[in-house]
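# Breakdown of the fold
Given next are the chains, with one letter for each unit.
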Amino acid sequence: MKVDTMENVVEKTKTRKKTQEQTDMEHHPLESWLRMDRIPHIWCSTCGIGTVVTCFIEALKKTEFERNDVCVVSGIGCSGRISGYIKQDSFHTTHGRAIPFAVGLKLANPRLKVIVLSGDGDLSSIGGNHLIHTARRNIDITIICINNFIYAMTGGQVAPTTPLTAVATTAPYGSYENPFNLPGLVASCGATYVARWTALHVRRLKTSMTEAMQKKGFSFVEVICPCTTLYARKNKLGSGLDLMKFYHDNSIISHGADPKDVDISFQSKIKVGKFLDIEKPSYLDGYNKYMKGKLGDKFKLYGVEDEEEH
Ligand SMILES: Cc1ncc(C[n+]2csc(CCOP(=O)(O)OP(=O)(O)O)c2C)c(N)n1
Ligand code: SF4
Ligand SMILES: [Mg+2]
């Protein structure tokens, strides 16, 4: 039998190691959660949306939900593309209609965990009415709102979230409209969980996403996210790295802050944190309790697996 020399053994080990490294590099660590046939994605280099996707998948992995029970819904926009890349039951709906679509899914099959991932324009402009009424009804869905302060996909127009004086394609001298404070809006309408982070706060963002998904009722996580190609360029804010540095230097962790006090002004301090985490009956809890009270035994509880629990 031929015995390998020491040099041969070292060489073979090196080759084996290299092959393993190459294989690792060829495989994305979240491959089983992504529709790899759609990669490369459309997002610009240094856009923050990819970070949100990674955080979301990591957060979802931490929950107890069966993958078959999780649905992801998006509207239209750069952020809205998320539903196309995540390998879950997912729906890329029409502009502004992600929430009603999600509500329909949830009410038709209350066993599902329904999560909306979409943009600030989609959710608070054309979809604003759905946002406030779904929060008011405390419907048991989770919303992750990617706020890049503009309509990015269509060229950087002013949005209901554009800070006063920030420049957009439709506001070349700066915006003179008062923007929404989204955490304040949804909290005042009836949300049960409200948090805000930036795309820099990956660890905290993941934790909030997991908490939001596990919360019963309407939960909302806002992610302040760099749009380098349009918002940063129009406002001369530098590169994606500069924006991350800005978030680092200007975010103030303010757990428990009153959501009505967390407005964002142009390039000033950003309050981040978990602002609200309360218990109250969800829409279906309220429906079941009310109707049971009215109809007694004639009423069959809806969406409750074990009637005895109620
Ligand atoms: C009914 C309708 N109106 C307008 C549009 C054009 N449109 C597509 S995406 C978009 C804005 C998206 O902004 P946002 O939700 O903030 O997503 P972003 O691209 O910033 O991630 C608009 C106005 C459309 N597709 N459908
Ligand atoms: S235009 Fe802005 S939001 Fe859209 S992919 Fe590029 S950087 Fe991201
Ligand atoms: Mg946007």
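Note: the structure precedes this text.
Basis of the calculations
- Residues numbered from 1 in each chain as written.
- Chains lettered and ligands numbered in written order.
- Predicted model: local features only at pLDDT ≥ 70, side-chain atom pairs only at ≥ 80, totals over all residues.
- Near = placed C-beta within 6 Å.
- Helix = DSSP H or I, 4+ residues; strand = E, 2+ residues; numbered from the N terminus.
- Nonpolar A, V, L, I, M, F, W, Y, C, P; charged D, E, K, R; others polar.
- Buried ≥ 20, exposed ≤ 12 C-beta atoms within 10 Å, placed from the backbone.
- Contact = placed C-beta atoms within 7 Å.

We now examine the site of ligand 1. Of all residues adjacent to ligand 1, which total 17 residues, the nearest are Gly77, Gly119, Gly121, Asp122 and Ala152. Of all the secondary structure elements, the ones that give two or more residues to the shell around ligand 1 are helix 5 (120-126) and strand 5 (150-151). Residues that form the shell around ligand 1 fall into these classes: eight nonpolar, seven polar and two charged.

Further remarks concern the environment of Thr228. Residue position: Thr228 is located in helix 9 (residues 228-234). According to the C-beta neighbour criterion, Thr228 is buried, with 21 such atoms within 10 Å. With 80 residues separating them in the primary sequence, Thr228 and Asn148 have C-alpha atoms 9.2 Å apart. Here Thr228 is in contact with Cys44, Thr46, Cys47, Arg233, Ser239, Gly240 and Leu243, once residues within four sequence places are set aside.

The immediate surroundings of ligand 2 are formed by Trp43, Cys44, Cys47, Ile49, Cys78, Asn148, Ala152, Met153, Cys227, Thr228, Thr229 and Leu230. Sorting elements by how many residues they give to the shell around ligand 2 places helix 9 first, with three residues. Considered class by class, the residues forming the shell around ligand 2 number nine nonpolar, three polar and no charged.

Shape descriptors only; they carry no functional weight alone.
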